[in-house]
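Chain by chain, the residues:
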Amino acid sequence: MEIIFATGNKGKLKEVKAIFQDTSHKVISLKELTVIPEIVEDGLTFEENARIKAVTIYDLFRKPVIADDSGLSVDQLQGAPGVYSARYAGENATDLDNNKKLLRELQNLPEPHPASFICCAVFYDGCTYLKAFGEIPGRIIGEPRGEHGFGYDPLFLPEGYDKTMAEISLDEKNKISHRAKAFNLLKDIMRRDGKYET
Ligand code: IMP
């Protein structure tokens, strides 16, 4: 069965395709479709935004959809950037702009800077709505390190690791990340619900 992953983010797509590799689903992304819709993510929580993405894409293509919303939550910033992670430094901000802003916001605050990546993953096929959450604790370091991953990965040191999320391989990230946890759980819930055969 073909399932649309409602994302235009190449980093996320790679991660989620790898997670669904052992299922009967072929995960395709918005970039592989003819019309790429504009989705207004105006929810106040990760789940609201994930649901908005899934329902919008389902309504357009009438095919099963998985979607997620995720972000970084920094304790000393009262959970910011949170649902605004992608546009922390402004509407068209790049990862670099966002990382610079994060370092500026933290520069006068004492170390360590505890933080978590959080992800809500959802499935929607027009009648069934399923959801799962994943979280990875860690801290923000003072300078970016590593070339892999995307977003805030170069600044995020997962708890118990001495490498940032951008220094570990995709395979390793896919074992520990918030998205991996959320989508692996969603996969289990989908299986229990009879949404795919392995
Ligand atoms: P979304 O596409 O609306 O879920 O926005 C997610 C934003 O949160 C991304 O643009 C990144 O800035 C940040 N983010 C989410 N997951 C990750 C991750 O695995 N690594 C680094 N940054 C992430």
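In short, a report on the structure.

Criteria and thresholds
- Numbering of residues starts from 1 in each chain and follows the order in which that chain's sequence is written.
- The predicted origin of the model limits local features to residues at a pLDDT of at least 70 and limits the giving and counting of side-chain atom pairs to 80 or more, whereas totals for whole chains, interfaces and linings rest on all residues.
- Each side-chain value is derived from all of the structure's non-hydrogen atoms; neither hydrogens nor water enter the calculation.
- We call a pair of cysteine sulfur atoms a disulfide when they lie within 2.5 Å.
- Relative accessibility under 20% of the residue-type maximum defines a buried residue, over 50% an exposed one, and the middle range a partly exposed one, all with a 1.4 Å probe and only protein chains included.
- The helix count covers DSSP runs of H or I at least four residues long, the strand count covers runs of E at least two residues long, and both are numbered beginning at the N terminus.
- Contact criterion: two residues are considered in contact whenever any of their non-hydrogen atoms come within 4.5 Å of each other.
- Centres within 6.5 Å are what make two rings of Phe, Tyr or Trp a pair, Trp counting through its six-membered ring; a difference in plane orientation under 30 degrees is then read as stacked, over 60 as edge-to-face, and the rest as tilted.
- The rule for a salt bridge is simple: a side-chain nitrogen of Lys or Arg has to be within 4 Å of a carboxyl oxygen of Asp or Glu.

**Here we look at the state of the cysteines**
One pass over the full model with this rule turns up 0 disulfides. With no disulfide partner, cysteine 120 has as its closest neighbouring cysteine sulfur the one in cysteine 119, 6.8 Å distant. Free of any disulfide, cysteine 127 has its nearest neighbouring cysteine sulfur in cysteine 120, separated by 19 Å. Residue class for cysteine 127 comes out exposed when judged on its relative accessible area of 66%.

**Topic: the environment of leucine 33**
Among the structural elements, leucine 33 can be located in the loop between strand E2 (26-29) and helix H2 (46-61). Along the chain, leucine 33 and glutamate 48 lie 15 residues apart, while their C-alpha atoms are 24 Å from each other. Non-local contacts of leucine 33, meaning those with residues more than four positions away in its chain, are made with Ile4, Ile28 and Phe61.

**Let's talk about the packing of aromatic side chains**
Tallied over the full model, the rule gives 4 aromatic pairs. Where phenylalanine 5 meets phenylalanine 183, the ring centres are 5.6 Å apart and the plane angle is 80 degrees; that geometry is what we call edge-to-face. Taken together, the residues span a long stretch of sequence, with phenylalanine 5 in strand E1 (residues 2-5) and phenylalanine 183 in helix H5 (residues 178-192) at a distance of 178 residues. Given a relative accessible area of 0%, phenylalanine 183 falls into the buried group. Taken together, Phe5, Phe20 and Phe183 form an aromatic cluster joined through their ring pairs.

**What about the pattern of salt bridges?**
Counted according to the given criterion, the structure contains 12 salt bridges. With a closest N to O distance of 3.2 Å, arginine 179 and aspartate 68 form a salt bridge. Taken together, the residues span a long stretch of sequence, with arginine 179 in helix H5 and aspartate 68 in strand E3 (residues 65-74) at a distance of 111 residues. A salt bridge links arginine 191 to aspartate 188, with the shortest nitrogen-to-oxygen separation between them at 3.3 Å. In this pair, arginine 191 and aspartate 188 are both assigned in helix H5, 3 residues apart and thus about one turn of the helix distant. By relative accessible area, which is 34% here, aspartate 188 ends up partly exposed. One continuous salt-bridge network, built from bridges that share partners, spans Lys12, Glu15, Asp68, Asp153, Lys173 and Arg179.

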